[in-house]
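Summary of structural features
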Amino acid sequence: MSCIIEWDETLSLTKRRDPSSLAFSFTQTCMKIKFRFSIGPWNISEGRDPYGPETRPVRDLAWKLPLFKKGGFDAVMFHDDDVVPEIDSKSAARVLEEAAQVRRQLEDEGLFAEMVAPRLWFSERTIDGGFTSNRAQDREYAIERSLRTIDIANTLGTKLIVLWLAREGTYLRESKSCVRSMELLAQAVNKMLDHDPEIRIAIEPKPNEPVDVAYLPTLGHALAFAHLTRDPARVGAVVESAHCVLAGLDPADELEFALAQKKLWSVHLNDQNGLKFDQDKPFGSVSLRSAFNQVRVLDQHAYGAKDGACIAFDAHSFRTSSINHALDHATNSRKTFLRLLEKVRSFDEAGAAALIADRDYQALDQMVLNHLLAS
Ligand code: GLO
Ligand code: MG
């Protein structure tokens, strides 16, 4: 994928002539990453929750795609059955025909597919999990469906497969063995890696919900698990802000940890108010400072510059929103990201470095707050 960097006008002529010689420490001041934004059809949701029905009508892809484009999005994330509804009832050939049709729809709108994820948590065959189900026939179904997901991804023109392992875990500790589950998970991922030697699998960790205790609850677990597979270099991660908060972790640190391992292949930016149900609030809605730090690490480490990785917002409308405002959470998240990017790029890094050298973290704290409060 092409390198998505815009050179800053402040860059000196000599350095501009030879960008390959730039040391990494210089990237922050000399180049601007042009971020690409992505969103999933499920992010225009209907407002159903465990206590009440839908509050907005269902809309199809043909309605959503132009809206995404108009809202400033470049790419679309998909579940396999967002591409091919009722996928389990269709032949392999029909699945690929419908996927090809969606690719044409994307191209007509000037969008591309960022990733495809097998939805392994809806079927009656994944009630107890897919890859780690205690029933052999469920496990076979989950693997088969994941291989079809790779075929769909190829038809859509993406090599990124996301695994949110929703039901791979336990409702009660005694029902499964963790060692056995790791073996089963690794076998499944190996089959996926073998199916297409070019795909990369990004695991999206989440500590709980829908299960009580998930098998890959954090980024650390996901990246350690990668080493149990045949090709650890092709198993990376998607970091979601809300999932980090649910695990009691700092989203910016999790992003940076994945960046340090060169395993940050997508991000699901959103927000979460403490340890509650998964809220998927708009980015920055709860903690603007945390959002600032998330944007800062992504910008500092030139996220996406080499591999084209996208900034995805995995947020949802408030249940109270009408269909006319069904995308506002996403366009607002994007606007907040871009405003925070300005804040990141205008932050007095030299001043901060001087305070750090002086160990005056009190002043550093206030400096960040003043910067965020300044208009
Ligand atoms: C739920 C997850 C979910 C995934 C999506 C992609 O908590 O965040 O939205 O990101 O299904 O696999
Ligand atoms: Mg997510």
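These notes cover the structure that comes with them. (Residues numbered from 1 in each chain as written. Chains lettered and ligands numbered in written order. Predicted model: local features only at pLDDT ≥ 70, side-chain atom pairs only at ≥ 80, totals over all residues. Heavy atoms only, no water.)

**Quick notes on the coordination of the magnesium ion (ligand 2)**
To keep things clear, this is the line we draw: Because water is not among the atoms used, a metal site may look incomplete, as its donors are only the N, O and S atoms within 2.8 Å, or 3.2 Å for Na, K and Ca. Tetrahedral means four donors with every angle between 85 and 135 degrees, whereas square planar (four donors) and octahedral (six donors) require angles over 155 degrees between opposite donors and between 65 and 115 for all others; sites fitting neither are termed irregular. Runs of H or I in DSSP of at least four residues are treated as helices and runs of E of at least two as strands, each being numbered from the N terminus. Exposure categories follow from relative accessible area, calculated using a 1.4 Å probe and restricted to protein chains: below 20% of the type maximum is buried, above 50% is exposed, and the middle band is partly exposed.
Donor atoms from the polypeptide that coordinate the magnesium ion (ligand 2) comprise Glu-204 (OE), Glu-240 (OE), His-268 (ND1) and Asp-314 (OD), at 1.9 to 2.3 Å from the metal. One can describe the site at the magnesium ion (ligand 2) as octahedral: its six donor atoms subtend angles covering 81 to 172° at the metal. Site description for the magnesium ion (ligand 2): donor spacing in sequence, E-x35-E-x27-H-x45-D. One end of the pair, His-268, is in strand 11 (residues 264-269); the other, Asp-314, is in the loop between strand 12 (311-313) and helix 12 (328-345), and 46 residues separate them in sequence. Of the residues examined, Asp-314 reaches a relative accessible area of 8% and is grouped as buried.

**Some words on helix 10 (residues 251-260)**
Rules: Note that the arc is computed from the directions linking the helix axis to the C-beta atoms. What makes two residues a contact is simply this: any of their non-hydrogen atoms within 4.5 Å. Polar contacts here mean pairs of N or O atoms no more than 3.5 Å apart (in protein, one a potential hydrogen donor and the other a potential acceptor; neighbouring residues in sequence count only if both atoms are side-chain atoms).
Of all the residues in helix 10, the buried ones are Pro-251, Ala-252, Glu-254, Leu-255, Ala-258 and Leu-259. Along the long axis of helix 10, the arc covered by the buried residues comes to 165°, so they all point the same way. Elements that come into contact with the buried residues of helix 10 comprise helix 8 (219-226), strand 10 (235-240), helix 9 (241-246), strand 11 and helix 11 (288-300). Two or three places before Ala-252, at the start of helix 10, stands the capping residue Asp-250, its side-chain oxygen 3.1 Å from that residue's backbone nitrogen. In the stretch just after helix 10, Lys-262 is the one whose phi turns positive, near 55°.

**Regarding unusual backbone geometry**
A cis amide bond links Glu-209 to the next residue, Pro-210, at an omega of 10°. Structurally, the position occupied by Pro-210 is in the loop between strand 8 (200-203) and strand 9 (213-214). Positive phi is not limited to glycine here, since Glu-86 has a value of about 55°. Mapping Glu-86 onto the fold places it in the loop between helix 4 (80-83) and helix 5 (92-109). For Glu-86, a relative accessible area of 64% gives the class exposed. A positive phi angle, close to 55°, is found at Lys-262, a residue other than glycine. Turning to its location among the elements, Lys-262 is positioned in the loop between helix 10 and strand 11. The class of Lys-262 is exposed, set by a relative accessible area of 68%.

**Some thoughts on the packing of aromatic side chains**
Basically, it comes down to this: Think of it this way: a Phe, Tyr or Trp ring, Trp meaning its six-membered ring, pairs with another when their centres are within 6.5 Å, and the plane angle makes it stacked under 30 degrees, edge-to-face over 60, tilted otherwise.
Scanning all chains against the criterion turns up nine aromatic pairs. On the basis of an interplanar angle of 80° and a centroid distance of 5.2 Å, the ring pair of Phe-35 and Phe-337 is categorised as edge-to-face. Of this pair, Phe-35 sits in the loop between strand 2 (31-33) and strand 3 (37-39) while Phe-337 sits in helix 12, and the two are 302 residues apart along the sequence. An identical accessibility class is assigned to Phe-35 and Phe-337; each is buried. Arranged with centres 5.5 Å apart and planes meeting at 85°, the rings of Phe-37 and Phe-337 form a pair that is edge-to-face. Pair noted here: Phe-37 is in strand 3 and Phe-337 is in helix 12, with a separation of 300 residues, a long-range link.

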